[in-house]
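So the chains spell out like this:
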Amino acid sequence: MAEDGRRADGEDRGPGAAYGGFAVMEGLLEKLKLLDYEEQVLAKHNSAKSLSRHYFVSSPHIGSNPGEQFYLFTITAAWLINTAGRPFPEPLEYDEPTTTVSNILAELRAFGVKVDFPPSKLKSGSGEHVCFVLDRLAEEALKRTGFSFRRPKYPTETTEEESIVEDDAELTLSRAEEEAIEADDDEDVLDLDTLKLQTSEPEGALRADDAPESAGDAAEWNLEVERVLTQLRVSTRTHNKQWRSHLEQMHQHNQAISSLTEDSKSFLTRLQQDLSKAVEKVSSREKYISKQLEPLIQEYRSVRARLQQVKTPPQHLANIWPHLLTHLDVVLLQEQERYQQTNARVMEKRLELREISDEVKKIEQEIKDRDSSMSDGAPVVRIRRSLTRLKQEVVQMDVRTGVVQHALLLSRLKEKSNMTRDMLATNIT
């Protein structure tokens with residue numbers, strides 16, 4: 001049904017409505033040039049190319065870049081809003097599109113413009129709604145700057161009276177044209193002999209009797225005449241103000257319109273047949289759907305009637321109905337409190353469970369570390385290396401101890417020999 005409404009709306013707007021966006025975009029580009037958008041917008045955002053005449057128009061015949069078009073639309077709209085006298089932050093490239101578009105439409109409504117389309121129509125960055133928004137904002141910016149379009153002043157056309165020159169040669173030529181048109185010749189060609197008969201013979205011209213005789217051959221003259229015959233023809237052009245040429249053009253246009261009408265009539269007849277078939281199919285489908293949904297509709301009506309009965313209390317309960325409602329409210333409040341208490345206890349238990357889970361994870365990590373250390377052979381290797389190093393150190397200590405004992409023995413022997421020598425020396429004396 002929505003598609004039928006859109007189709008009917010498009011038919012009411014006419015066949016040229018699809019190309020209205022092109023005209024709006026061209027007018028918008030002229031307004032942006034008046035506002036110097038190339039220096040104010042494109043130069044600030046390092047955009048090397050300017051907007052084309054149909055940049056924001058959505059058409060299958062025009063290439064599109066939705067991301068770039070939407071970004072240029074948002075920054076241009078923000079600049080126009082600021083130029084129109086309302087503060088508006090410049091949108092960034094990665095901002096939320098829905099929020100940006102909603103803010104732009106809110107500013108457009110603040111200017112008094114009626115907006116009857118959803119913000120999603122602007123997310124593509126092209127289309128008639130984008131051109132509409134930018135065009136209205138450009139008008140507000142031009143009003144703010146004090147610029148206004150004036151009505152064009154057309155120069156008055158001065159009709160100069162054509163001067164008619166009474167010339168025998170021109171009168172003869174016009175008379176020759178009339179005779180040629182009446183005779184319906186294929187080409188407007190005047191024979192030189194006819195022109196000679198129609199024109200008056202000038203004074204002082206040579207007569208046939210006085211003409212000099214040619215000494216050339218007649219065959220050569222005929223060949224020469226055939227060679228220059230095409231150059232001797234006088235072609236006359238019909239003036240565009242003559243009613244005969246207008247009449248011929250009317251006949252030609254009438255024939256062209258008749259041929260086009262026949263083709264269009266056949267096409268429209270086929271289109272009417274297709275549309276009537278489509279309407280019949282839609283109506284039959286609606287009847288089928290209505291028949292299938294009839295039980296559901298009846299059930300909905302009965303449920304709605306029962307709901308209405310439940311909402312309206314019976315007559316014998318009308319007096320105690322407020323007390324029942326009050327009691328139900330009290331019970332509901334009590335249940336809500338119980339729910340809140342239970343929910344609080346559940347939250348406490350969840351916290352305890354989280355703490356216990358953390359402790360269990362820590363214990364599991366310690367057990368894993370101990371298992372890995374017990375199964376690891378690196379400590380045993382280190383112990384063996386330490387024992388080997390201790391044995392070597394013990395051997396070295398034994399060697400050093402033997403050397404020290406030997407030195408001590410030598411010193412004792414030396415001491416003993418000295419004592420013996422001293423004793424012998426004392427005995428001798």
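Residues numbered from 1 in each chain as written. Predicted model: local features only at pLDDT ≥ 70, side-chain atom pairs only at ≥ 80, totals over all residues. Heavy atoms only, no water.

Labelled according to an unreviewed UniProt entry, the protein chain appears under the name Intraflagellar transport protein 57 homolog, originating from Takifugu rubripes. Regarding the protein chain, the UniProt comment filed under Sequence similarities (unreviewed entry) reads as follows: "Belongs to the IFT57 family." Listed in UniProt under the heading Subcellular location (unreviewed entry), the comment for the protein chain reads: "Cell projection, Cilium". (UniProt positions renumbered as here; feature names shortened; annotations may be inferred.)

Draft legend 1. Region of the structure containing unusual backbone geometry. One non-glycine residue, Asp 36, lies in the positive phi region at around 60 degrees. Structurally, Asp 36 can be placed in the loop between α2 (20–34) and α3 (37–42). With relative accessibility at 35%, the residue Asp 36 sits in the partly exposed group. (Helix = DSSP H or I, 4+ residues; strand = E, 2+ residues; numbered from the N terminus. Buried < 20%, exposed > 50% of the residue type's maximum accessible area, 1.4 Å probe, protein only.)

Draft legend 2. Inspection of the side chain of Thr 74 at higher detail. Turning to its location among the elements, Thr 74 is positioned in helix α4 (residues 66–83). If near-sequence neighbours (up to four positions away) are discounted, Thr 74 is found in contact with Pro 91, Thr 100 and Ile 104. (Contact = heavy atoms within 4.5 Å.)

Draft legend 3. Local environment of the UniProt feature "coiled-coil region" (unreviewed entry) in the protein chain. UniProt records the feature "coiled-coil region" (unreviewed entry) at residues 339–373, using the numbering of this structure. Here residues 339–373 is 100% helix and 0% strand, with 50 Å between the C-alpha atoms at its ends.

Draft legend 4. Structural context of the packing of helix α5 (residues 97–110) against helix α6 (residues 128–145). Look at α5 against α6: their axes get within 11 Å of each other, and the N-to-C directions meet at 45 degrees. As the angle between them shows, α5 and α6 are arranged oblique. Remark: the crossing between α5 and α6 carries left-handed chirality. Here Ile 104, Leu 105 and Leu 108 of α5 lie close against α6, whose contacting residues are Val 133, Arg 136 and Leu 137. Here the residues of the contact of α5 with α6 sort into 5 nonpolar, no polar and 1 charged. (Axes fitted to C-alpha atoms, helices over the stretch in contact; angles between N-to-C directions. Parallel < 35°, antiparallel > 145°, perpendicular 65-115°, else oblique. Left-handed = near helix turned anticlockwise from the far one by under 90°. Nonpolar A, V, L, I, M, F, W, Y, C, P; charged D, E, K, R; others polar.)

Draft legend 5. Quick peek at a nonpolar patch on the surface. Nonpolar side chains collect at one region of the surface, where Tyr 288, Ile 289, Leu 293, Leu 296 and Ile 297 lie side by side and expose about 440 Å² of accessible area between them. For Leu 296, a relative accessible area of 52% translates into the label exposed. (Patch = residues over 30% accessible without salt bridge, like charges linked within 9 Å, V, L, I, M, F, W, Y side chains within 5 Å. Areas by Shrake-Rupley, 256 points an atom, 1.4 Å probe, with all protein chains shown as cover. Salt bridge = Lys/Arg side-chain N within 4 Å of Asp/Glu carboxyl O.)

Draft legend 6. Representation of the packing of aromatic side chains within the structure. The final tally for this structure, using the stated rule, is 3 aromatic pairs. Geometrically, the ring pair formed by Phe 70 and Phe 73 is tilted, given 6.4 Å between the ring centres and 50 degrees between the ring planes. With Phe 70 and Phe 73 both in helix α4 and 3 residues apart, the pair spans about one turn of that helix. Each ring, one from Phe 117 and one from Phe 132, has its centre 6.2 Å from the other, and the planes form 80 degrees; the classification is edge-to-face. Taken together, the positions of Phe 117 in the loop between α5 and α6 and Phe 132 in helix α6 put the pair 15 residues apart, joining distant regions of the chain. Residue placement shows Arg 86 over the ring face of Phe 111; its charged tip is 6.0 Å from the ring centre. (Phe/Tyr/Trp six-rings, centres within 6.5 Å; stacked < 30°, edge-to-face > 60°. Lys NZ or Arg CZ within 6 Å of the ring centre and 35° of its normal.)

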